[in-house]
Amino acid sequence: KQEVTQIPAALSVPEGENLVLNCSFTDSAIYNLQWFRQDPGKGLTSLLLIQSSQREQTSGRLNASLDKSSGRSTLYIAASQPGDSATYLCAVTVDGQNFVFGPGTRLSVLP
Amino acid sequence: SQTIHQWPATLVQPVGSPLSLECTVEGTSNPNLYWYRQAAGRGLQLLFYSVGIGQISSEVPQNLSASRPQDRQFILSSKKLLLSDSGFYLCAWSRVSVEKLFFGSGTQLSVL
C-alpha cells in the first residue's frame, strides 16, 4: 500500500529565505507526483506536476524535483514571501485515477 | 476552461439529521470525480470516487454515500449524521488525459 510522508510538519522562516519541503513515498512505481497549496479553509490548488519520467518542473519561484528510485520529491521555494504562507501537500498516483496524499507541511513566512 | 463548483461553503447540522453536498464540474466531459474529507490537522482521506455515471467506489465504510446522477454532478449524502462526520469535505475532478487533480473550494461541516 502506497504511503506518503512529508517533513517537516511545520516550518517558519523569515521573508526572503530559500526553503525546501520534502515528500517521500514508499512505492516507486508512480505515474506522476503533484504538489498542492492549501490556504486555511480553502480547497487545494495545484502548483506543479512531475511525470514519472521527469526529474524536475519549474514554475516561477517554485521548483519541484523527483527521484523516483529513492521515493523522494522536494519542493524548492526561492526568495520566500509572506504570501507563500500556506500548507503544502504532495500526492502521488500510480494510474492517474487514484491519488495518495501526504499530511502536508504548514509554512509560515514572517515579514 | 474547466471549473468546479461545490456548495454549501459552511454547514452546521445536528446529530441525526440528513446531509446532501453537491459538486458540479463545467468545461469537461466524463471526468473522474472524488469526495475527500480532511479532519482538523490531518491529511486527506478519500471517501468515494467515480469514473462514470452510476459508478461509485467506496474507500471507507461509513454512514456516508455518494451518487452520480449526471456526468458532471457528484453528490455526497447521509441519512443520519454522526459527530464524527464533522470535517472539511472536498470535491475534486481529474481525467487521465489531463493528469492533474482539481479541487473545489470545500464545505466545512460541523455536526453538533
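Criteria and cut-off values
- Residues numbered from 1 in each chain as written.
- Chains lettered and ligands numbered in written order.
- Predicted model: local features only at pLDDT ≥ 70, side-chain atom pairs only at ≥ 80, totals over all residues.
- Heavy atoms only, no water.
- Helix = DSSP H or I, 4+ residues; strand = E, 2+ residues; numbered from the N terminus.
- Rg over C-alpha atoms; globule rule 2.2 N^0.38 Å.
- Buried < 20%, exposed > 50% of the residue type's maximum accessible area, 1.4 Å probe, protein only.
- Polar contact = N/O pair within 3.5 Å; in protein donor to acceptor, adjacent residues only side chain to side chain.
- Contact = heavy atoms within 4.5 Å.
- 1 Å grid on protein atoms, 1.4 Å probe; cavity = no way out; pocket = protein on both sides within 12 Å on 5 of 7 lines; lining within 4 Å.
- Points joined across faces, edges and corners; volume = space filled by probe spheres on them.
- Buried area = accessible area lost by both parts, 1.4 Å probe.
- Phe/Tyr/Trp six-rings, centres within 6.5 Å; stacked < 30°, edge-to-face > 60°.
- Pairing = 2+ DSSP bridges.
- Axes fitted to C-alpha atoms, helices over the stretch in contact; angles between N-to-C directions.

**Points about the overall build of chain A**
Each helix and strand counted, chain A has 0 helices and 11 strands in total. Secondary structure elements of chain A occur, N-terminal to C-terminal, as β-β-β-β-β-β-β-β-β-β-β. Relative to the 2.2 N^0.38 estimate, which gives 13 Å for 111 residues, the radius of gyration of chain A is 13 Å and therefore close to what a compact globule would have. Seen through its C-alpha atoms, chain A measures out along the principal axes to roughly 40 × 25 × 20 Å. In chain A, which comprises 111 residues, the share counted as buried stands at 43%.

**Digging into the overall build of chain B**
Each helix and strand counted, chain B has 0 helices and 11 strands in total. Along chain B, helices (α) and strands (β) appear in the sequence β-β-β-β-β-β-β-β-β-β-β when read from the amino end. For a compact globule of 112 residues, the expected C-alpha radius of gyration is about 13 Å, and chain B comes in at 13 Å, within 12% of that figure. Dimensions of chain B, computed from the C-alpha atoms along their principal axes, are close to 40 × 25 × 20 Å. By the burial criterion, 47% of the 112 residues in chain B qualify as buried.

**Brief notes about the side chain of Thr93 of chain A**
Residues and elements named next belong to chain A. Summarising the element assignment, Thr93 is placed in strand S9 (residues 86-93). Looking at Thr93, its side chain comes within polar contact range of the side chain of Asp95, at 3.3 Å. Here Gly96 takes part through its backbone nitrogen, which lies 2.8 Å from a polar atom of the side chain of Thr93. In this view, Thr93 contacts Ile30, Tyr31, Asn32, Asn98 and Phe99; residues no more than four positions away in its chain are not counted.

**Points about the layout of surface pockets**
In this model, the largest pocket occupies a volume close to 700 Å³. Every residue lining the largest pocket is counted, 28 residues in all, and those nearest its centre are Lys1 and Val100 of chain A together with Leu44, Gln45 and Leu46 of chain B. Breaking the lining of the largest pocket down by element, the ones donating at least two residues are strand S1 (4-7), S9 and strand S10 (99-101) of chain A together with strand S4 (32-38) and strand S5 (44-52) of chain B.

**Thoughts on the interface of chain A and chain B**
Counting residues at the interface gives 20 residues for chain A, matched by 18 residues for chain B. Taken over both partners, the interface formed by chain A and chain B buries close to 1600 Å², and the fraction arising from carbon and sulfur atoms is 54%. Counting the contacts that link chain A with chain B gives 4 residue pairs in polar contact (both at pLDDT 80 or more). Of all elements in the fold, only strand S4 (32-38), strand S5 (44-51) and S10 of chain A reach the threshold of two or more residues within the side of chain A that touches chain B.

**Structural notes on the packing of aromatic side chains**
Think of a pair of aromatic rings as described by two things: how far the centres are apart, and how the planes are tilted against each other in angle. Taken as a whole and assessed by the stated rule, the structure comprises 10 aromatic pairs over all chains. Among the aromatic side chains, those forming a connected cluster through ring pairs are Phe36, Phe99 and Phe101 of chain A together with Tyr34, Tyr36, Tyr49 and Phe103 of chain B.

**Concerning the sheet that holds strand S8 (residues 73-78) of chain B**
Residue and element names in this part refer to chain B. Here we have 4 strands laid out as an open sheet, ordered S1-S3-S8-S7, and antiparallel in their pairing. Edge positions in the sheet fall to strand S1 (3-7) and strand S7 (64-70), since each of these pairs with one other strand and no more. Each strand axis lies, on average, 15° off the axis of its neighbour in the sheet, ignoring direction. Sheet topology places S7 next to S8; 5 bridges connect them, and they run antiparallel. Bridge pairing in S8 links Leu64 to Ser78.

**Brief notes about the environment of Leu21 of chain A**
Residues and elements named next belong to chain A. Assignment of secondary structure puts Leu21 in strand S3 (residues 19-25). Residues Leu21 and Ile77, spaced 56 residues apart in sequence, show a C-alpha to C-alpha distance of 8.3 Å. Apart from the residues lying within four places of it in its own chain, the contact partners of Leu21 are Ile7, Leu11, Trp35, Ser73, Thr74, Leu75, Tyr88 and Thr105.

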